Amino acid sequence: MVGPTRSPASPPTAAVPAKSRRPTGQFRDVWRRYRRNKLALIGLGIVGLLVFLAIFEPFLTPYSPFEQNLLNTTAPPGNGHVFGTDVLGRDMLSAVIYGAKLAVIVGVVTVLASLLVGVTLGAIAGFAGGATDAVIARVTDTFLAFPLLIGAILIVRTFGAGILPVIVALAIFGWTTAARLMRGQTLALRENEYVEAARSIGATNSRILTRHILPNAIAPVLVYSFTSIGVVVVAMASLSYLGVGVPADIPEWGRMISQANAFLRVPGKSHLWVFPSLAIVLTTLGFAFVADGLRDALDPKLRGRD
Amino acid sequence: MGKFILRRAAQALLVIIGATLLVFLANFAFGDPFGSTGDRQVPPAIAAANRAAFGLDQPLPLQYLTYMGNLFTGDLGVDYNQNRPVIELLIETVPNTARLALVAIVIDIFIGVTAGIIAAVKRYSFADVLVTVVSTLAIGIPTFVIGFVLVATLSGVGPFPTVPRSFTVEVPWYTEVLLPAFALAIVDAAFVARLMRGSMLEVLRSDYIRTARAKGLSERKVIGKHALRNSMIPVITYIGVSLGGLLGGAIITEGIFQYPGVGYLLFRAIGGNNAPVITAVVIFSVLAIVVLSLIVDILYAYLDPRIRLS
C-alpha cells in the first residue's frame, strides 16, 4: 500500500517516522504533509497572491481600472502602462488586478453558497434516508443533468447582468456535487460506533450531525471546493465572454478577452487577450494545485493515486 | 437488468420533467417576448395577438401541460423569429453537433489513452513526467481560452474557415469541425491521460498480470491485451459521461467558432430571446446527458461483472 512517494520534494530520507515526533495538532500534521508537495506550495503561492491582489487592489493598481482614455487605446505594453491599454484606453495592469479581486470574491462567495446548500441537503439526505433521501436525490439529479453554463445563462438572463446574479446562478447549479459527496460520507459515517455512542447518551440528531458527522465528513468536500473555485472563475469568464455575465464596463477577465475579439489577428495587439487569459489559467491552476495538495495531505491513504 | 433500466428510465423522465419546468419558469420570469423593448415599440393589439398565437395568453400551468403533452408527439412548438417548427431547427443542427462530439471524442481517446499507456508503462521515465506535467497544466486551461488561441492563430489559415464565419460560403465539414473538436478534446484528453495512467498502473500491479508475464507472454501482449482491457473501464465511464455533455451542445466552443450546432443555436436563441428554441435545446441537452449516463451504467456492469445493478 505504502509505495514511494512520487513527489520530488520528498526524497525517502525526508520521511521521518511521524511516531517519533512529539504529538502535534491535526493542523500541523496536515501542513507537514502538504508542504512536501512542491506543486501544492506553488498553488498556495498563486492563491495567496490572488487574495493579496483582491484585498489591496485599490493600492496596487497604478491607474483606476475604470478610467478610460480614448486617445490612447490598445497601446502595447510600455510607456507607463506595463500591460498596455485596452480597447477603451484603460490601463490593462489595473484592469487585470481588478479582475483578480472580482474572481476571488465571486469564486469564494459562490462556492460558500453552494457548500451551504449542498452540505446541508447532502447531510440531511444521507442521515435521514428513506423518502427524504429519495426526494433530495431526484432534485439533485435534475440539477446535475443541467449543464452548468446553460443553467447559469438562463438565470443571469432572467435577473439581468451583474455580479450578484452571476453568483446566484453559479451557486444554483453548483451545489450538486457537494451534496452528493456529503450524502455518501454521511451514509458511511452514520453507522459508526461513535455515532451510536453519541446517540446512546442522548445526543439529538442535529447535534450528531453537526458535532460528530460533519467534522469527519468534510475533508473531501473541502478538497472539492478548492477545485470548484477554479471552475467558478472559468464559468464567470465564460458567461462574460458570451455577454451575459457582468456589465460591460466592469473589468472582468472574460469580458476583457471578449473585447479583444476584434483585434485577434491584428499584429502587436495580442496583449489585449494574452494577459487576462494568463490570469485565468494561473488562477485555475493555483486552485487545482491547492486542491491536489490538500487531498493528499488530508488523507494519506490517497497518496500516489491519480 | 430489465428492472434496473426501467427504474432509471423513470428517473430520467422525472429529470426531464423537472428540467422543463425550470426552463419554463426561467422563460416566464424573463418576461413578455412580444412587448415593447427600448427602441422597438409594439402596438398593444399586435403584442396581444402574438401572445395569443403562441398560446402565451393561457395560464402558466396550462402552457406547461400543453407543452409537455405536445413534447411526446415530437411537437416542440414554433420559434419566434422565423416561425419555423423548432423540431426542424434541431434536425438541422443536431447532426453537426453529433459530428463535432464524435470527432472530439476520437481525438480525446487517441491522445489521452496513448499518453496514459505510455506514461504508465514507462513509469518515472521522461515521457511519464512529460505526460504528467502537460496534463496537469492542460486541465487548468479553460476551453474557451484554448478556443480563443486557436481562432487567433489558425482560423483562416489553410483549410480552416475564417471566424467570424460567412454562412453563404459552403465549406467541407471536416475543415469546420477540426478546430472546435480539438479545442474540446484537449482538456478532456488530459483528464483521460491521467485516468488511464492511474488505472493502468493499478492493473499492472495485479496478480493476473504477473501470471501472464510468468507464462512467458510478450510484453506487447501483456499490455495490449491483458492490461488494456481492464484498465479501460474507468476511462470508458469518463468518456461516456463526457460524450453526453458534448452531444448536448458545447455552447461556448460552438459560439467561439460559430459552429452550426445545437450549442450555437442556443447561443443565438438566448441573444434573441427565442424561448421555444431555448426550451427545446435545454431539453435535448439534458436528455443527451441522462441517456448517456444510463448507457454508461449499463456498459459498466457489462464490462465489470462484479458490479451489480440495483
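Undergrad: Pulling in residues and values, what's your account of the nonpolar core?
TA: In this structure, Leu-239 and Trp-253 of chain A together with Val-286 of chain B are the most contacted members of the largest nonpolar core, which totals 119 residues. For this core, the element with the highest residue contribution is helix α10 (residues 205–241) of chain A, accounting for 15 residues. When near neighbours in sequence (up to four residues on either side) are disregarded, Val-286 of chain B contacts Ala-145, Phe-146 and Pro-147 of chain A together with Val-15, Ile-16 and Ala-19 of chain B. If you look at the next biggest cluster of nonpolar residues, it comprises 32 residues, including Ala-181, Ala-185, Met-196 and Leu-243 of chain B.

Undergrad: Please set out the packing of helix α4 (residues 92–128) of chain A against helix α8 (residues 176–189) of chain A residue by residue, giving values where relevant.
TA: Residues and elements named next belong to chain A. Where α4 contacts α8, the two axes come as close as 7 Å, and the packing angle between them is 35°. As for how α4 packs across α8, the hand of that crossing is right-handed. Contacts from Leu-115, Gly-118, Val-119, Gly-122, Ala-123, Ala-125, Gly-126 and Phe-127 in α4 reach Ala-178, Ala-179, Met-182, Arg-183, Thr-186 and Leu-187 in α8. In terms of residue class, the contact of α4 with α8 is built from nine nonpolar, four polar and one charged.

Undergrad: Describe the packing of aromatic side chains, naming the residues involved and giving the relevant values.
TA: Residues and elements named next belong to chain B. Per the counting criterion, the structure on display carries 17 aromatic pairs over all chains. Judged by centre distance (5.4 Å) and plane angle (65°), the ring pair of Phe-24 and Tyr-67 falls under edge-to-face. Linking Phe-24 in helix α1 (residues 2–30) with Tyr-67 in helix α3 (residues 60–71), this pair joins segments that are 43 residues apart in sequence. Assessed through its relative accessible area of 11%, Phe-24 is described here as buried. Taking relative accessible area as the criterion, Tyr-67 reaches 12% and is therefore assigned buried. Geometrically, the ring pair formed by Trp-173 and Tyr-174 is edge-to-face, given 6.0 Å between the ring centres and 80° between the ring planes. Taking the relative accessible area as the measure of exposure, Trp-173 reaches 43% and is therefore partly exposed. Here Tyr-174 falls in the partly exposed class, since its relative accessible area comes to 47%.

About the thresholds
Residues numbered from 1 in each chain as written. Chains lettered and ligands numbered in written order. Predicted model: local features only at pLDDT ≥ 70, side-chain atom pairs only at ≥ 80, totals over all residues. Heavy atoms only, no water. Core = buried A, V, L, I, M, F, W, Y, C linked by side-chain atoms within 4.5 Å. Buried < 20%, exposed > 50% of the residue type's maximum accessible area, 1.4 Å probe, protein only. Helix = DSSP H or I, 4+ residues; strand = E, 2+ residues; numbered from the N terminus. Contact = heavy atoms within 4.5 Å. Axes fitted to C-alpha atoms, helices over the stretch in contact; angles between N-to-C directions. Left-handed = near helix turned anticlockwise from the far one by under 90°. Nonpolar A, V, L, I, M, F, W, Y, C, P; charged D, E, K, R; others polar. Phe/Tyr/Trp six-rings, centres within 6.5 Å; stacked < 30°, edge-to-face > 60°.

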